[in-house]
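Coordinate analysis (summary)
Chain residues, written in single-letter form:
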Amino acid sequence: MREYYEFDGHGYDREKARAALVALLENASFGRAWIILDGSSPVGYVVLCFGYSLEWLGRDAFVDEIYLRENYRGRGWGRQTMAFVEEAARELGVRALHLGVVKGNEVALRLYEAMGFQKHTSTFLSKWITSEFSKPPSSRAD
């Protein structure tokens, strides 16, 4: 997670990240996490988190995190991983997948658009409502 957060410019707090990950791994109703392997070597990971939406007609899911180490990017691993996640989500009763791309990551944006993901006219907004468990600030300027 640390590598991904540094790559994408997200704030990272090891203990808070660990607590959130452990909660996900201990409760299958929250979502799923997979390690991406090249043989037996870990080269990345992907996390799918579940939700429910009237707008999206039922169970939906957010590809919350997807990360590939640098030497595995641009070689089809991302496309293969996303195809796997889509099939797994379908088998889990998910009707719609969502994901976010940080500004400036045009390579990822093009991949997701080529796989059928569409931009929306609405803007994604967030608000921490528990200050004691919020993340550190992002290192990216918006």
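Residues numbered from 1 in each chain as written. Predicted model: local features only at pLDDT ≥ 70, side-chain atom pairs only at ≥ 80, totals over all residues. Heavy atoms only, no water.

Spatially, the 4 strands line up as an open sheet ordered β1-β2-β3-β4, and their pairing is mixed. Single-partner strands in this sheet number two, and they are β1 (31–38) and β4 (96–99). Taking each pair of neighbouring strands and ignoring which way they run, the sheet shows an average axis angle of 25°. (Pairing = 2+ DSSP bridges. Helix = DSSP H or I, 4+ residues; strand = E, 2+ residues; numbered from the N terminus. Axes fitted to C-alpha atoms, helices over the stretch in contact; angles between N-to-C directions.)

Now for helix α2 (residues 14–26). For α2, with 13 residues, the first-to-last C-alpha span of 18 Å sits near the 18 Å given by 1.5 Å per residue. Residue Asp13 occupies the N-cap position of α2, its side-chain oxygen lying 3.2 Å from the main-chain nitrogen of Glu15. (Expected span 1.5 Å × (residues − 1). Polar contact = N/O pair within 3.5 Å; in protein donor to acceptor, adjacent residues only side chain to side chain.)

This paragraph deals with the nonpolar core. Formed by 14 residues in total, the largest nonpolar core has its most connected members in Leu48, Val63 and Leu97. At the level of elements, β2 (41–53), β3 (58–68), α3 (77–91) and α4 (106–114) are the ones that each hand at least two residues to this core. Those residues in contact with Leu97 that lie beyond four places of it in its chain are Leu48, Ala61, Val63, Glu86, Ala89 and Phe117. In terms of nonpolar packing, the next biggest core, distinct from the first, is built from 6 residues, Tyr5, Leu24, Val47 and Tyr67 among them. (Core = buried A, V, L, I, M, F, W, Y, C linked by side-chain atoms within 4.5 Å. Buried < 20%, exposed > 50% of the residue type's maximum accessible area, 1.4 Å probe, protein only. Contact = heavy atoms within 4.5 Å.)

Take the packing of aromatic side chains next. Overall, the coordinates contain 10 aromatic pairs when judged by the stated rule. Between Tyr4 and Tyr5 the ring centres are 5.5 Å apart and the planes differ by 75°, which places this aromatic pair in the edge-to-face class. Classification of Tyr4 as buried rests on a relative accessible area of 9%. The exposure class assigned to Tyr5 is buried, which follows from its relative accessible area of 7%. One aromatic cluster is present, built from ring pairs that chain together Tyr4, Tyr5, Phe7, Tyr12, Tyr45 and Tyr67. A cation over a ring is seen here: Arg73 above Phe7, with NZ or CZ 4.0 Å from the ring centre. Between Arg75 and the ring centre of Tyr72, over which it is positioned, the NZ or CZ distance is 4.9 Å. (Phe/Tyr/Trp six-rings, centres within 6.5 Å; stacked < 30°, edge-to-face > 60°. Lys NZ or Arg CZ within 6 Å of the ring centre and 35° of its normal.)

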